[in-house]
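One letter stands for each residue in the lines below.
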Amino acid sequence: MTIGLVVHVLGAIVWVGGMFFAYVVLRPVGGEMEPGPRLALWRGVFRRFFPWVWASILGLLLSGYGMLFFGLGGFAGAGVHVHLMQAIGLVMIALFLHLYYAPWRRLQRALDQGDPAAAALQLGQIRRIVAINLALGLITSAIGAGGRYWG
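Okay, so let's go over this structure. (Residues numbered from 1 in each chain as written. Predicted model: local features only at pLDDT ≥ 70, side-chain atom pairs only at ≥ 80, totals over all residues. Heavy atoms only, no water.)

Let's shift gears to the overall build of the chain. For the chain, the count of helices and strands is four helices and zero strands. Taken from N to C terminus, the helices and strands of the chain fall in the order α-α-α-α. For the chain, the spread of C-alpha atoms along the three principal axes comes to 55 × 25 × 20 Å. Buried positions account for 37% of the 151 residues belonging to the chain. Restricting to contacts in the chain with at least 6 residues of sequence separation, those with at least 24 account for 76%. As presented, the chain carries roughly 8,500 Å² of accessible surface, and 71% of it is formed by carbon and sulfur atoms. (Helix = DSSP H or I, 4+ residues; strand = E, 2+ residues; numbered from the N terminus. Buried < 20%, exposed > 50% of the residue type's maximum accessible area, 1.4 Å probe, protein only. Contact = heavy atoms within 4.5 Å. Areas by Shrake-Rupley, 256 points an atom, 1.4 Å probe, with all protein chains shown as cover.)

Packing of helix α1 (residues 2–30) against helix α4 (residues 116–146) leaves a shortest axis separation of 9 Å and a crossing angle of 130°. It follows that α1 is oblique to α4 by the angle criterion. Helix-helix and strand crossings are classified by hand; for α1 and α4 the assignment is left-handed. Residues Trp15, Val16, Met19, Phe20, Tyr23, Val24 and Arg27 of α1 touch α4, and the partners they reach there are Arg127, Val130, Ala131, Asn133, Leu134, Gly137, Leu138 and Ser141. Looking at the contact of α1 with α4 residue by residue, the classes come out as 10 nonpolar, three polar and two charged. (Axes fitted to C-alpha atoms, helices over the stretch in contact; angles between N-to-C directions. Parallel < 35°, antiparallel > 145°, perpendicular 65-115°, else oblique. Left-handed = near helix turned anticlockwise from the far one by under 90°. Nonpolar A, V, L, I, M, F, W, Y, C, P; charged D, E, K, R; others polar.)

Glancing now at the side chain of Gln122. Its place among the elements puts Gln122 in helix α4. Under the relative-accessibility criterion, Gln122 is labelled buried at 13%. There is a polar contact of 2.9 Å between the side chain of Gln122 and the side chain of Arg106. Dropping the residues within four chain positions of it, Gln122 is found in contact with Pro103, Arg106 and Leu107. (Polar contact = N/O pair within 3.5 Å; in protein donor to acceptor, adjacent residues only side chain to side chain.)

A separate point is the packing of aromatic side chains. Under the defined criterion, the tally for this structure stands at 15 aromatic pairs. Between Trp54 and Tyr101, the aromatic rings sit 6.2 Å apart at their centres with planes inclined by 65°, giving edge-to-face as the arrangement. In this pair, Trp54 is assigned in helix α2 (residues 35–71) and Tyr101 in helix α3 (residues 80–112), connecting sequence segments 47 residues apart. For Trp54, a relative accessible area of 30% corresponds to the partly exposed category. Among the aromatic residues, those joined into a cluster by ring pairs are Trp15, Trp42, Phe46, Phe49, Phe50, Trp54, Phe96, Tyr100, Tyr101 and Trp104. Residue placement shows Arg27 over the ring face of Tyr23; its charged tip is 4.4 Å from the ring centre. (Phe/Tyr/Trp six-rings, centres within 6.5 Å; stacked < 30°, edge-to-face > 60°. Lys NZ or Arg CZ within 6 Å of the ring centre and 35° of its normal.)

Structural data, given as structure tokens:
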């Protein structure tokens, strides 16, 4: 359980912390930039961040289900907080998959075709998905930290 928990916590820190930084710190600074450099900045940020998200997702799934089945005895042995974390985590993964395979790919294609207006629309969609996933990630982190102490 110790190794699984460490992998799980680190995966959550990387993913949720990265979204927090991107949304709360980098986004407002990027908003002060001209569209061309702003779009180039975000393209570079996402290129570097998304491999870490993929690694986090893999680590979270493997460690989460490993702890569930090998440490807690399966779904029946897990508390409500574990079921909530799993459900919210799966929603977060689905949102990321959509973000990655739809607006992120369209943003790259628009930039490659020299269409900053279309790229900006995709960046706006990514921003909304990240905002939702950030909120879900913070909620899930709170559940993970305190859920075992519920009633």
